[in-house]
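Per-entry structural report
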Amino acid sequence: MKSNKSIFKGISSLAVCSVLLTACPGGDTPPGGDGVQIEDTTKVETKDSIVAPPVQKVDGAMFSIPSPIQLGGIIQKSGAAYNADILNNPKSSESYVDLVAQSLNLGVYGADLGYCALYDKQQESIKYMRSAQKLSDVLGISDAFDVATIQSIEKNLDNKDSLLYIISNSYRKADDYLQTSDRKHIGALVIVGGWIESLYFSGELSKTNKSDDIVEMIGMQKHTINTILDKMLERYIAEPGVEQVYNDLDEIRMAFEKVNIKYEFVAPETDAAGKVTTIKSKTSVEMTDEVFNEIVEKISAVRTKITTI
Amino acid sequence: MKKFIALFALLLVAGVYESKAQCDTIANYCHKNNFTVDYVSDGQNYRALLFGDQEAEFETTFFGGVTYRVAACTGFSQGNLIFSIKDENNNVLFDSMEQQNAPYWDFKVENTVNVKVSAKLDALEAASGCATILIGFKQ
């Protein structure tokens, strides 16, 4: 009986170890953390309260950063004209030699590619696709831009919707691969590069065409920068070069802290037959011109640092 | 008895590793089954390995004037993952459980809002699994 007990203990340990080793595939062990952060939100039962079903939250395993194509779409809808001068030089791709610069600039080129595709710039799209392909090869994620994908992009150059679908799916595949490898920090840096480039576009274009949509879009990035720093980059802070990127973005966060976001709940409407819910709640972003300009300047400084060889 | 316990342990560990292996391919399966060419992926895969009543949650921004599609998958059959959308004050805007565990749902967003996307396993269908959420959008 005694030996059965010890076997049972062994099994329990084995089971716990297996769980800890494999949980949170989308994340990584935060510095000083235990791999899985479980926040027990089970409500304490009291005489007056209704007992909620126990729910354990897996904290920090997932995080969302707006896609460059989506942010580019908002820029386009605001009426801003295409401007090739704001894009990174496609020829620079071979000059990025360290892993951090290569990862960040793969994100930058993805945003540039999406921007060109949104504005139907076919020849420019090809150039940026080649730059992205070169960097993804160097980073060992050539599956994202494999021969079939490249051919598919070339075939659909005059079909914007298909092109955007293929490009975004390539970046999703790269994200998928990096999340399941031991190089999750590279995936995080690719996302950061794309995000910074999209905000850089917005900032630069707002100098000549500052619309309410752009101001709102930039203001809402207050949430995003907190996610990037606290939930994403902090997990990989021990990886070479990540701390510097963290510190640079933290400078931008200081400017975002001056942005005020107000929220008003409005009941949503669901059309079950159409499988669609209309979200009617409202958010308003308040920031002065000085704060807006400060954010834009700081983003521009970080973007210059990323793309400068 | 010892053999039985050892076998049980082996199956348990194998099950956990199988869930992880599924994570590696499930995003592509989920994308293929729930997205059409008119929905552009946001370029990310949201995944977490869940056990029992665990719930994974992340925040995202839904921009005004955009229609989003959120798809939720675990394993290779549809509808085993329940997902919900809440606002920043935890008001439930959508719960897939109220829609027969619909594997995907569209959200027409009138004004830009920050939302929380949560996912948990359907206790009747799975005790553990790789939760995968994908988001696509059309302008």
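Residues numbered from 1 in each chain as written. Chains lettered and ligands numbered in written order. Predicted model: local features only at pLDDT ≥ 70, side-chain atom pairs only at ≥ 80, totals over all residues.

**Thoughts on the overall build of chain B**
For clarity, the threshold we go by: For the purposes of this entry, the term helix denotes a DSSP run of H or I that reaches at least four residues, the term strand denotes a run of E that reaches at least two, and both are numbered from the N terminus. Once C-beta atoms are placed from the backbone, each residue is buried if 20 or more other C-beta atoms lie within 10 Å of its own, exposed if 12 or fewer, and partly exposed for counts between those two. Residues are treated as contacting if the C-beta atoms built from their backbones sit within 7 Å of each other.
Within chain B one finds 1 helix and 10 strands. The secondary structure elements of chain B, listed N-terminal to C-terminal, are α-β-β-β-β-β-β-β-β-β-β. Residues classed as buried in chain B amount to 49% of the 139 residues present. Pairs at least 24 residues apart make up 80% of the contacts formed inside chain B by residues separated by at least 6 positions.

**Details of the overall build of chain A**
Counting its regular elements, chain A contains 11 helices and 6 strands. Taken across its 309 residues, chain A has 46% of its residues classed as buried. Sequence-distant contacts, at least 24 apart, represent 70% of the contacts inside chain A between residues at least 6 apart.

**Things to note about the packing of helix α3 (residues 99-118) of chain A against helix α7 (residues 184-206) of chain A**
Residues and elements named next belong to chain A. Rules: A fitted line through C-alpha atoms represents every axis, and for helices the fit uses only the stretch in contact; the resulting angles, taken between N-to-C directions, go from 0 to 180 degrees. Roughly parallel means an angle under 35 degrees; roughly antiparallel, over 145; roughly perpendicular, 65 to 115; everything else is oblique. Take the far helix as the reference: if the near one is turned anticlockwise from it by less than a right angle, the crossing is left-handed, and if turned clockwise, right-handed. The classification used treats Ala, Val, Leu, Ile, Met, Phe, Trp, Tyr, Cys and Pro as nonpolar, Asp, Glu, Lys and Arg as charged, and all other residues, Gly among them, as polar.
Relative orientation of the contacting elements α3 and α7 amounts to 45°, with a least axis distance of 7 Å. Between α3 and α7, the angle is such that the two are oblique. Of the two possible hands of crossing, α3 and α7 adopt the one that is right-handed. Every residue of α7 that contacts α3 at Leu 99, Val 100, Ser 103, Leu 104, Asn 105, Leu 106, Gly 107, Val 108, Gly 110, Ala 111, Asp 112 and Tyr 115 is listed here: Ile 186, Leu 189, Val 190, Ile 191, Val 192, Gly 193, Gly 194, Glu 197, Ser 198 and Phe 201. When its residues are assigned to classes, the contact of α3 with α7 shows 13 nonpolar, 7 polar and 2 charged.

**Some words on helix α8 (residues 212-219) of chain A**
Looking at α8 of chain A, one finds that the buried residues are Ile 214, Met 217, Ile 218 and Gly 219 of chain A. Looking at the buried residues of α8 of chain A, the elements they touch are α2 (68-77), α7, α9 (221-232), β3 (260-264), β6 (282-286) and α11 (289-307) of chain A.

**Description of the environment of Glu 110 of chain B**
Topologically, Glu 110 of chain B is positioned in the loop between β8 (104-109) and β9 (113-121). Residue Glu 110 of chain B is classed as partly exposed on the basis of its C-beta count, with 16 C-beta atoms lying within 10 Å. Apart from residues no more than four positions distant in its own chain, Glu 110 of chain B is found in contact with Thr 278, Ile 279 and Lys 280 of chain A together with Gly 64 of chain B.

**Observations regarding the confidence of the model for chain A**
Which entries qualify depends on this criterion: For every residue, the predictor states its confidence as a pLDDT score lying anywhere from 0 to 100.
When pLDDT is averaged along chain A, the result is 83; 81% of the residues meet or exceed 70. Contacts of residues 5-52 of chain A to residues separated by more than four positions or lying in other chains number 69 contacts, the stretch itself having pLDDT below 50.

**Focus on the nonpolar core**
Let me state the cut-off plainly: Joining buried Ala, Val, Leu, Ile, Met, Phe, Trp, Tyr and Cys residues through C-beta atoms within 7 Å gives a set, and that set is a nonpolar core.
Counting residues in hydrophobic clusters, the biggest one holds 115 residues, and the most contacted among them are Val 192 of chain A together with Val 70 and Ile 133 of chain B. Top element by residues in this core is α7 of chain A. It accounts for 12 residues. Filtering out sequence-adjacent residues up to four positions away, Val 192 of chain A remains in contact with Leu 104, Gly 107, Ile 228 and Val 245 of chain A.

**Section: the pairing of strand β3 (residues 54-62) of chain B**
Residues and elements named next belong to chain B. The test is simple: When DSSP finds two or more bridges between a pair of strands, those strands are recorded as paired.
Counting buried residues along β3, 8 of its 9 residues qualify, which places the element largely inside the surrounding structure. Bridge analysis of β3 against β9 gives 8 bridges, and the strand direction is antiparallel. Looking across to β9, one finds that Phe 62 is bridged to Val 113.

**Points about the packing of α9 of chain A against helix α10 (residues 242-256) of chain A**
All names here are of chain A. Interhelical geometry of α9 versus α10 gives an angle of 150° and a closest axis separation of 10 Å. Comparing the axis directions of α9 and α10 gives the class roughly antiparallel. Seen along the crossing, α9 lies across α10 with a hand that is left-handed. The segment α9 lies against α10, with Gln 221, Lys 222, Ile 225, Ile 228 and Leu 229 engaging Tyr 246, Leu 249, Asp 250, Ile 252, Arg 253 and Phe 256. Of the residues contributing to the contact of α9 with α10, the split by class is 7 nonpolar, 1 polar and 3 charged.

**Regarding the environment of Lys 86 of chain B**
Residues and elements named next belong to chain B. When you line up the elements, Lys 86 lands in strand β6 (residues 81-87). Using a count of 17 C-beta atoms within 10 Å as the deciding quantity, one classes Lys 86 as partly exposed. For the pair Lys 86 and Glu 59, spaced 27 residues apart in sequence, the C-alpha to C-alpha distance is 9.4 Å. In contact with Lys 86, other than residues within four places in its own chain, are Asn 91, Val 92, Leu 93, Val 115, Lys 116 and Ser 118.

**Side note on unusual backbone geometry**
Unusually for a residue other than glycine, Lys 275 of chain A sits at a positive phi of about 55°. For Lys 275 of chain A, the position within the fold is in the loop between β4 (269-271) and β5 (276-279).

**Description of the confidence of the model for chain B**
Summarising the model, chain B shows a mean pLDDT of 85, and 83% of its residues fall at 70 or more. Scoring the predicted complex yields pTM 0.81 and, for the interface, ipTM 0.86.

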